[in-house]
Amino acid sequence: MIEQKKWRSHLALLLIWVILGTILRFTNLTAKPPWADEWATLVFSLGNSFLTVPLEKVISLDVLMQPLQLRETISIGDVISNLLNESTHPPVYFVLTHLWFKLFSNQDGLVAVGLARSLSVLFGIISIPAIFALSSFISASLVCGQIAAALMAFSPYGVYLSQETRHYTLAILLIMASIACLVIAIRCIQQRNRITSKVMFLWIVINSVGVATHYFFVLALVTEILVLLSWFIKDIKSQVFSLQSSSPWRNISLAIMGTFAGCSIWVWTWLNIPDNQLTDWTKHGNPWSSEFLEPIGRTIGWITTMILLLPIEGIPIWLTVVSVIILLSALIYLIVNAVEYLKNTPQYLDNEIILKYFIFATLLTLSFAYLGDRDLTLAARFQFFYFPGAIILVAAILNYCWQQRNSSIVVMVIAIAFCGSLSVVNNYAYQKPDRADIVALVIREAQQKNLDAPVLIATVHKTHEQTGEMMGIAWEWLRKIKVEVIQPQFLLLHKKPDTPEQNITNNFHQQLTQLPRPLDVWVVNFSAPTGLESQNCVADLAYKRRVSGYRYRLFHCR
């Protein structure tokens, strides 16, 4: 009876975390402007193609937005085909989003961003009871599970990822499931028990689906292999390693081989992606220079925001400074308690697993920056593969503090996490990389001063990323400019890697000669000389600005 009441109370508390986490994730879900990667998810999930957007010619806003149209005739085959031909991602999440649209959208017209983001929100909500189950399973403590659930519900990083039309929340769920299988496997190693075929098969399926969801799921698998390798070395040193049928290593080896086989088609696809310009931004200079500490600093920052965050964007600088001071103080306090936890807690097997997973994952991330030519610390979203490990590890530390009657730190961390998630949904933290909302309003502001001049927005096009940036401006124009005004036109001038910049300039001038004057020309993220002075165009110095994701400038052409 007591046990039954205990379970009921824990389920009731878990339900509270789920409800609060749900409210947070749906709060202001459509308020932030979609950015280039989200436009890619929308277009490919609809089964459409960016290649249908005309280049090298002036097009209307409606033509630019055609790939965002819902069409009944599109099939899953179209989704996969267009995705693999034009992007660098595997298809599982895009297919699920396509089915999500089919299930809940029965109207023609432009896709609803809120509907698209709600699928990611759903997986984010499921992660709350999932982390409760995983943390309780690992620590054998329901209190630890509750703390983990609260941290996941209020995680600023978790809320940020949930409100993106992207595949990260699904990948995080699959990583949790894979970690559970890892823990079972290492328990079997420790107890010299054979892993059941069901667990082995389930592990293979989870890992295969994970890689088909996001290629960076491979990083989680590499981390798991490193954790297993540490136990393998222990067994070798203890001279207890064996591959006999009763040995746990036999089925672990089969699970690794099965995972490799299940993932091989996607790993092969990944390795055969050409030197794609979509990922060029992750390349960096020499990390062994004055920038040496930057990847480490960014990693610490991203890990901190998985748990703690306060308003830091879109506020006066003095408030940002205050927020940073509070966050640093809370982080130091948490680190002090973490050190005490590691000193005084017995070396429980499962705590060691998660600690090793977290350490190996962060070192793996930094190895790309210092030993490779890609810096994964440049984007917060790329840290998703060790996010569950960070939550479980912090939950274990706070559980220890709770048992030591130090409940104040538990309350403090959860309270700051909650404030951080409120900061995210209200756009005071984790703002979108492309602030098309600002650009659209500035263009409209300038248009009101010169109503006789049509508006042309021109950019240099390299990949569908630039198409997405223009879609962002067009979307915000449709959403926020309610009055009847002349819609802007768009010009995407394509540039291949070997195209001379002067060719872009000449094509630009050729298009301008076909347009009536007066004309207001906005050059946005224009990575070539404009040469507009020769076209009888004068720069408006009041509108030469830069915001997140956009550099733009206005010319008045007569």
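Residues numbered from 1 in each chain as written. Predicted model: local features only at pLDDT ≥ 70, side-chain atom pairs only at ≥ 80, totals over all residues. Heavy atoms only, no water.

**Observations concerning the overall build of the protein chain**
The criterion, for reference: Labels follow the DSSP assignment, with helices taken as runs of H or I lasting at least four residues and strands as runs of E lasting at least two, numbered in each case from the N terminus. For a compact globule the rule gives 2.2 Å times the number of residues to the power 0.38, and the radius of gyration it is set against comes from C-alpha atoms. Relative accessibility under 20% of the residue-type maximum defines a buried residue, over 50% an exposed one, and the middle range a partly exposed one, all with a 1.4 Å probe and only protein chains included. Contacts were defined at the residue level, with two residues in contact if any of their heavy atoms lie within 4.5 Å. In these tables, accessible area is a Shrake-Rupley quantity obtained with a 1.4 Å probe, and a residue counts as shielded only by the protein chains included in the view.
For the protein chain, the count of helices and strands is 20 helices and six strands. Taken over C-alpha atoms, the radius of gyration comes to 26 Å for the protein chain, in line with the 24 Å a tight globule of 558 residues would show. Judged by the C-alpha coordinates and their principal axes, the protein chain covers about 80 × 55 × 50 Å. Here the protein chain holds 558 residues, and 56% of them are scored as buried. For the protein chain, restricting intrachain contacts to residue pairs at least 6 apart in sequence, the fraction spanning at least 24 positions comes to 80%. Within the structure as shown, the protein chain displays about 24,300 Å² of accessible surface, and the carbon and sulfur contribution to it stands at 64%.

**Observations regarding the pairing of strand E5 (residues 537-547)**
Cut-off, in case you're wondering: Being paired, for any two strands, means DSSP has found at least two bridges between them.
When E5 meets strand E6 (residues 550-557), the two strands line up antiparallel, connected through eight bridges. Residue pairing in the sheet places Ala539 in a bridge with Phe555 of E6. The antiparallel pairing of E5 with E6 creates a hairpin that spans two residues between the two strands, and Gly549 there sits at a positive phi of about 90°.

**Let's talk about the pattern of salt bridges**
Worth spelling out the cut-off: Salt bridge criterion: a side-chain nitrogen from Lys or Arg within 4 Å of a carboxyl oxygen from Asp or Glu.
If you walk through the whole model with that rule in mind, you get 13 salt bridges. Close ionic contact of Glu164 with Lys432 constitutes a salt bridge, the shortest N to O distance being 2.5 Å. One end of the pair, Glu164, is in the loop between helix H8 (156-162) and helix H9 (168-191); the other, Lys432, is in the loop between helix H17 (407-425) and helix H18 (436-448), and 268 residues separate them in sequence. In this pair, the class of Glu164 matches that of Lys432, namely buried. For Lys234, the salt bridge is made with Glu352, and the minimal N-O distance between the two is 3.1 Å. Of this pair, Lys234 sits in helix H11 (residues 217-238) while Glu352 sits in helix H15 (residues 349-371), and the two are 118 residues apart along the sequence. Looking at Lys234, the relative accessible area reads 34%, which means it is partly exposed. We classify Glu352 as buried; its relative accessible area is 19%. Each member of the salt-bridge network shares a partner with another, and the members are Glu38, Arg117, Glu164 and Lys432.

**Let's talk about the side chain of Glu224**
Cut-off, in case you're wondering: The charge count includes Lys and Arg as positive and Asp and Glu as negative, but it does not include His or the ends of the chains.
As for its placement among the helices and strands, Glu224 is situated in helix H11. Although Glu224 is buried, it forms no salt bridge, and the closest oppositely charged side chain is Arg187 at an N-O distance of 14 Å. Beyond its immediate chain neighbours, meaning those up to four positions away, Glu224 contacts Ser178, Ile179, Leu182, Trp203 and Tyr357.

**Describing the environment of Lys462**
Examined against the element boundaries, Lys462 turns out to sit in the loop between strand E2 (455-461) and helix H19 (464-480). Lys462 sits in the partly exposed class, given a relative accessible area of 33%. For the pair Lys462 and Asn450, spaced twelve residues apart in sequence, the C-alpha separation works out to 31 Å.

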